[in-house]
Amino acid sequence: MSQSAKPVRLDKLLSNMGYGTRKEIDALVKQERILIDGHPLKNGKEKVTPSLGLQTELTIDEQQLDPLPGFAVILHKPVGVTCSRKDSGTLISELFPDRWNRRDPLFSPIGRLDKDTSGLILLTDDGQLNHRVSSPKTNTPKRYHVNLDRKLNGNETDIFASGTMMLENETKPLLPAELNVLGDEEAILTIHEGRYHQVRRMFAAVGNHVTALHRISIGGLHLPNELKTGKWRILSKEDIDTIFQ
Ligand code: URA
């Protein structure tokens, strides 16, 4: 269930999306400059029921509007872009239209990738989707392609799968994780939680060092080949369902 399942007045929605005060929105309505599904919106008090992954066709002066609340985006995050304001460099929010950063509810990443990690990251304004993907309770697998500094020594698969592995300064063992070895210094690692720098710390704990890290999937949703680095697209309802299959 999405957070935004209740009918909401369009003037309120558009105002929360950064398109002006309710008074300004009402003026646009009177001038018939807002179209909903191709027809002029007659009254700003008209309600829509935003639904995660399903978008209403809305334009102002023939310009497509931002997505209504209840949307999610897949981004191919480049190396060097950061999810944290504490780091220097380009913030992930800078890859999206400026207005999206003034939305209510807030549009933000689901979990984080390190500045030096590339690949699939999801962003949403839907708190329940965020929780569903990131909570270890839902067990959503996150799959990474890993390049290493040193050769794998052969015992990593068992250690990572044990369910008893402890990371430094932590008191709770890691959930079992699956390692598929691709080469001497290359593997795919699937984890089911998202602890701080988890993949890098797991390899550090077995005496290795990650030289490149790239997330290839979350649940059943894979980073599409055609989504080039730095590019994003809005997820359909089917895409969102794929995450949990
Ligand atoms: N594990 C890491 O170490 N870094 C990431 O960005 C994601 C998982």
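Predicted, not measured: the structure shown is a model, and the values here were computed from it. (Residues numbered from 1 in each chain as written. Predicted model: local features only at pLDDT ≥ 70, side-chain atom pairs only at ≥ 80, totals over all residues. Heavy atoms only, no water.)

1. Concerning the packing of aromatic side chains
Alright, step 1. The tally for this structure, following the rule as stated, stands at eight aromatic pairs.
Alright, step 2. For the ring pair Phe-96 and Trp-232, a centre distance of 5.2 Å and an interplane angle of 40° mean the geometry is tilted. Here Phe-96 is found in the loop between strand E7 (72-77) and strand E8 (108-109), whereas its partner Trp-232 is found in strand E15 (residues 232-234), with 136 residues between them in sequence.
Alright, step 3. Judged by relative accessible area, which is 6%, Phe-96 ranks as buried.
Alright, step 4. For Trp-232, a relative accessible area of 29% puts it in the partly exposed group.
Alright, step 5. Summarising the aromatic geometry, the rings of Trp-100 and Phe-107 are spaced 5.2 Å apart at their centres and angled 90° between planes, so their arrangement reads as edge-to-face.
Alright, step 6. Take Trp-100: its relative accessible area is 3%, and that puts it in the buried class.
Alright, step 7. By way of ring pairs, the aromatic residues Phe-71, Phe-96, Trp-100, Phe-107 and Trp-232 are connected into one cluster.
Alright, step 8. The ring of Phe-244 is capped by Arg-132, whose NZ or CZ atom sits 3.6 Å from the centre of that ring. (Phe/Tyr/Trp six-rings, centres within 6.5 Å; stacked < 30°, edge-to-face > 60°. Helix = DSSP H or I, 4+ residues; strand = E, 2+ residues; numbered from the N terminus. Buried < 20%, exposed > 50% of the residue type's maximum accessible area, 1.4 Å probe, protein only. Lys NZ or Arg CZ within 6 Å of the ring centre and 35° of its normal.)

2. Description of the site of the ligand
Alright, step 1. The ligand sits among Leu-113, Asp-114, Thr-117, Tyr-144, His-197, Gln-198, Val-199, Arg-200 and Leu-213.
Alright, step 2. The side chain of Thr-117 places a nitrogen or oxygen atom 3.1 Å from an oxygen atom of the ligand.
Alright, step 3. In the complex, 96% of the free accessible area of the ligand, which totals 230 Å², lies under the protein chains.
Alright, step 4. Residue classes in the shell around the ligand are distributed as four nonpolar, three polar and two charged. (Near = heavy atom within 4 Å. Polar contact = N/O pair within 3.5 Å; in protein donor to acceptor, adjacent residues only side chain to side chain. Areas by Shrake-Rupley, 256 points an atom, 1.4 Å probe, with all protein chains shown as cover. Nonpolar A, V, L, I, M, F, W, Y, C, P; charged D, E, K, R; others polar.)

3. Thoughts on the sheet that holds strand E3 (residues 39-40)
Alright, step 1. The strand order across the open sheet formed by four strands is E3-E2-E5-E6, and the pairing between neighbours is antiparallel. This sheet does not close on itself; its edge strands, each paired only once, are E3 and strand E6 (63-64). (Pairing = 2+ DSSP bridges.)

4. Some thoughts on the pairing of strand E13 (residues 210-218)
Alright, step 1. Examined bridge by bridge, strand E9 (residues 117-124) and E13 share three bridges and lie parallel to one another. Bridging across to E13, Ser-118 finds its partner in His-214.
Alright, step 2. Sheet topology places strand E10 (residues 142-148) next to E13; seven bridges connect them, and they run antiparallel. Bridged to His-145 within E13 is His-214.
Alright, step 3. The antiparallel hairpin formed by E13 and strand E14 (residues 221-222) contains two residues in its connecting segment, where Gly-219 sits at a positive phi of about 55°.

5. Quick notes on the nonpolar core
Alright, step 1. Formed by 31 residues in total, the largest nonpolar core has its most connected members in Val-146, Phe-160, Leu-189, Val-199, Met-202 and Phe-203.
Alright, step 2. Among the secondary structure elements, those contributing two or more residues to this core are E7, E9, E10, strand E12 (186-191), helix H5 (198-205) and E13.
Alright, step 3. Split by domain, the residues of this core number at least three in each of domain 2 (72-136 + 221-243) and domain 3 (142-218).
Alright, step 4. Sequence-distant contacts of Phe-160, defined by excluding residues within four places in its chain, comprise Met-165, Leu-175, Pro-176, Ala-177, Leu-179, Leu-189, Met-202, Phe-203 and Val-206.
Alright, step 5. With 16 residues, the next largest nonpolar core counts Leu-14, Ile-25, Val-29 and Leu-68 among its residues. (Core = buried A, V, L, I, M, F, W, Y, C linked by side-chain atoms within 4.5 Å. Domains from an automatic or database assignment. Contact = heavy atoms within 4.5 Å.)

6. Some details on the domain arrangement of the protein chain
Alright, step 1. For the protein chain, the assigned domains read domain 1 (8-64), domain 2 (72-136 + 221-243) and domain 3 (142-218).
Alright, step 2. Centre-to-centre, using C-alpha coordinates, domain 1 lies 47 Å away from domain 3.

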